[in-house]
Amino acid sequence: MTRLHKLYLITWLAMACSSPSRSLGLIYLNGRAVEPVGDSILAMTSEGARGLVLYDLRSNIADTIGTDALRHPLHVQQQGGRWYVSDLGDAGQPEIVVLSW
């Protein structure tokens, strides 16, 4: 085995053993973070919307959830079947609202 073959094999093994990178990086829409869920749903907050906007990429349908719990949502993160949304209450105090399905 030549030196070039050994170098190639070591490089290939190092790349194969490294942790995989996320396929989607951070996505922003109008300065607000968009949270991808799986490969078919995007969750986002929108200025003026009192809820969490879910956009289904397969059907091109947008729906709003949490309108009764959210006042001024800013950021959303999905984890373990729950949505964690940073919100500003009516008096301007920061809150975290947890939505589950």
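Below or above, wherever it landed, is the structure these notes cover. What you are looking at is a predicted structure, and each value in this text was computed from that prediction instead of being measured. (Residues numbered from 1 in each chain as written. Predicted model: local features only at pLDDT ≥ 70, side-chain atom pairs only at ≥ 80, totals over all residues. Heavy atoms only, no water.)

## Thoughts on the side chain of E35
Moving on, step 1. Looking at where E35 falls in the secondary structure, it is placed in strand β2 (residues 32-37).
Moving on, step 2. Among all residues touching E35, those that are not within four sequence positions of it are I41, L42, A43, V76, Q77 and Q78. (Helix = DSSP H or I, 4+ residues; strand = E, 2+ residues; numbered from the N terminus. Contact = heavy atoms within 4.5 Å.)

## Observations regarding the side chain of D87
Moving on, step 1. Counting through the fold element by element, D87 comes out in strand β7 (residues 82-88).
Moving on, step 2. Within the buried set, D87 has no salt-bridge partner at all; the shortest N-O distance to an opposite charge, 4.2 Å, is to R71.
Moving on, step 3. Side-chain polar atoms of D87 contact the backbone nitrogen of H72, separated by 2.6 Å.
Moving on, step 4. With near-sequence residues (within four places) excluded, D87 lies in contact with A69, L70, R71, H72, P73, Q93, P94, E95 and V97. (Buried < 20%, exposed > 50% of the residue type's maximum accessible area, 1.4 Å probe, protein only. Lys, Arg positive; Asp, Glu negative; His and termini not counted. Salt bridge = Lys/Arg side-chain N within 4 Å of Asp/Glu carboxyl O. Polar contact = N/O pair within 3.5 Å; in protein donor to acceptor, adjacent residues only side chain to side chain.)

## Quick word on the sheet that holds β2
Moving on, step 1. Here we have five strands laid out as an open sheet, ordered β1-β2-β3-β4-β5, and antiparallel in their pairing. Each edge of the open sheet carries a strand with a single partner, namely β1 (27-29) and β5 (61-65). Going across the sheet, the axis of each strand differs from the next one's by a mean of 30 degrees, ignoring polarity.
Moving on, step 2. Across three bridges, the pairing between β1 and β2 is antiparallel. Looking across to β2, one finds that L29 is bridged to R32. (Pairing = 2+ DSSP bridges. Axes fitted to C-alpha atoms, helices over the stretch in contact; angles between N-to-C directions.)

## Observations concerning the pairing of strand β4 (residues 52-56)
Moving on, step 1. In the sheet, strand β3 (residues 41-44) pairs with β4 via four bridges, with the strands oriented antiparallel. Considered in β4, the bridge of M44 is made with V53.
Moving on, step 2. The pairing of β4 with β5 spans five bridges and is antiparallel. What sits directly across from D56, in β5, is I61.
Moving on, step 3. The loop that links β4 with its antiparallel partner β5 comprises four residues; one of these, N60, has a positive phi angle of about 60 degrees.

## As for the environment of V34
Moving on, step 1. Mapped onto the elements of the fold, V34 is located in strand β2.
Moving on, step 2. What makes V34 buried here is its relative accessible area of 8%.
Moving on, step 3. When the C-alpha atoms of V34 and S46 are compared, they prove to be 9.9 Å apart, with twelve residues separating the residues in sequence.
Moving on, step 4. Among all residues touching V34, those that are not within four sequence positions of it are I27, Y28, L29, L42, A43 and M44.

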